[in-house]
Amino acid sequence: MKFIFLILFLAFPTSFFKCQGSYTPSKMNKVLPTLTKSNFVLQSEIPDLISSEKCKYITKGRSYAAPVGLFAKNDLKNAAKGIDEWVELDKGNTFVLTNYKWIPMGNTGSTQLYVDFDTLICKEKP
């Protein structure tokens, strides 16, 4: 009986809590910007912002592996913190999310969120 309880105890958190990967692109682009201090722009807005010289790239192709959270929203909060730190270190004020993915970690069912983004400096809030 104790063995069954131990198996359920170990299996439950990984199967119940780790349901990441459920963020569609629309949901990701809606939720992530609410968790950052940096300005967020959509990829579709970049050509106009660059051509009108309202923004310029500082760093392209940045990738960040967010610390693992208990829920997907915690992963997003951790990713937002990392994005803000990189934007600040780059001396920028804006980012564009270019890709994201949850990568499985081992055999536990746990995943880690990776975000790819570019850092920009914009004259005014886009």
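Below: a short report on this structure. Because the structure is a prediction, the values reported are computed rather than measured. Residue indices follow the written sequence of each chain, beginning from 1 at its first position. Given that this is a predicted model, residues contribute local features only at a pLDDT of at least 70 and side-chain atom pairs are listed and counted only at 80 or more, while totals for whole chains, interfaces and linings are drawn from all residues. Neither water nor hydrogens contribute to the side-chain values; these are computed over all heavy atoms in the structure.

### Brief notes about the sheet that holds strand 4 (residues 110–122)
In this analysis, strands are considered paired if DSSP registers two or more bridges between them. Starting at the N terminus, helices and strands are each numbered in turn, a helix being any DSSP run of H or I of at least four residues and a strand any DSSP run of E of at least two. On the basis of which strands lie adjacent, the open sheet formed by four strands has the order 1-3-4-2 and mixed pairing. Strand pairing shows two members of the sheet lacking a second neighbour, strand 1 (39–40) and strand 2 (55–65), which therefore form its edges. Examined bridge by bridge, strand 3 (residues 94–105) and strand 4 share eleven bridges and lie antiparallel to one another. Looking across to strand 4, one finds that Tyr100 is bridged to Val115. Contacting strand 1, strand 3 and strand 4, helix 2 (residues 25–35) crosses the sheet at an angle of about 115° to strand 3. The contact definition used throughout considers only heavy atoms, calling two residues in contact when any of these lie within 4.5 Å. All axes here are fitted lines through C-alpha atoms, helices being fitted over the stretch that makes contact, and every angle between N-to-C directions spans 0 to 180 degrees. Each of strand 2, strand 3 and strand 4 touches helix 4 (residues 72–89); the most contacted strand, strand 4, lies at about 35° to it.

### What to know about the state of the cysteines
When two cysteine sulfur atoms lie within 2.5 Å, the pair is treated as a disulfide. In this structure the tally under the stated criterion is one disulfide. Disulfide pairing places Cys55 opposite Cys122 at an S-S distance of 2.0 Å. Disulfide Cys55-Cys122: the torsion about the S-S bond is 110°, which places it as right-handed. You can see Cys55 sitting in strand 2 and its partner Cys122 sitting in strand 4, a full 67 residues away along the chain. In terms of burial, Cys55 and Cys122 fall into one category: buried. Between buried and exposed lies partly exposed: a residue is buried under 20% and exposed over 50% of the maximum accessible area for its type, with that area taken using a 1.4 Å probe on protein chains only.

### Let's talk about unusual backbone geometry
In this model, Glu53 sits at a positive phi of 60°, which is unusual for a non-glycine residue. Residue Glu53 is classed as exposed on the basis of its relative accessible area of 59%.

### Side note on the nonpolar core
In terms of nonpolar packing, the biggest core is built from 20 residues, with Met28, Trp102, Leu113 and Val115 touching the most fellow members. Ranked by residues supplied to this core, first place goes to helix 4 with six residues. Only buried residues count toward a nonpolar core, which is a set of Ala, Val, Leu, Ile, Met, Phe, Trp, Tyr and Cys residues joined through side-chain atoms within 4.5 Å. In this structure, Val41, Val96, Leu120 and Cys122 belong to the second largest nonpolar core, which totals seven residues.

### Quick notes on helix 2
Every buried residue of helix 2 is listed here: Met28, Val31 and Leu32. Buried residues of helix 2, seen end-on, are gathered within an arc of 100° and therefore sit on one face of the element. Away from its buried face by more than 90 degrees, helix 2 exposes Ser26, Lys30 and Thr34. At its buried positions, helix 2 is contacted by helix 4, strand 3 and strand 4. This arc corresponds to the set of directions leading from the helix axis out to the C-beta atoms.

Purely geometric stuff here, so don't read any function into it on its own.
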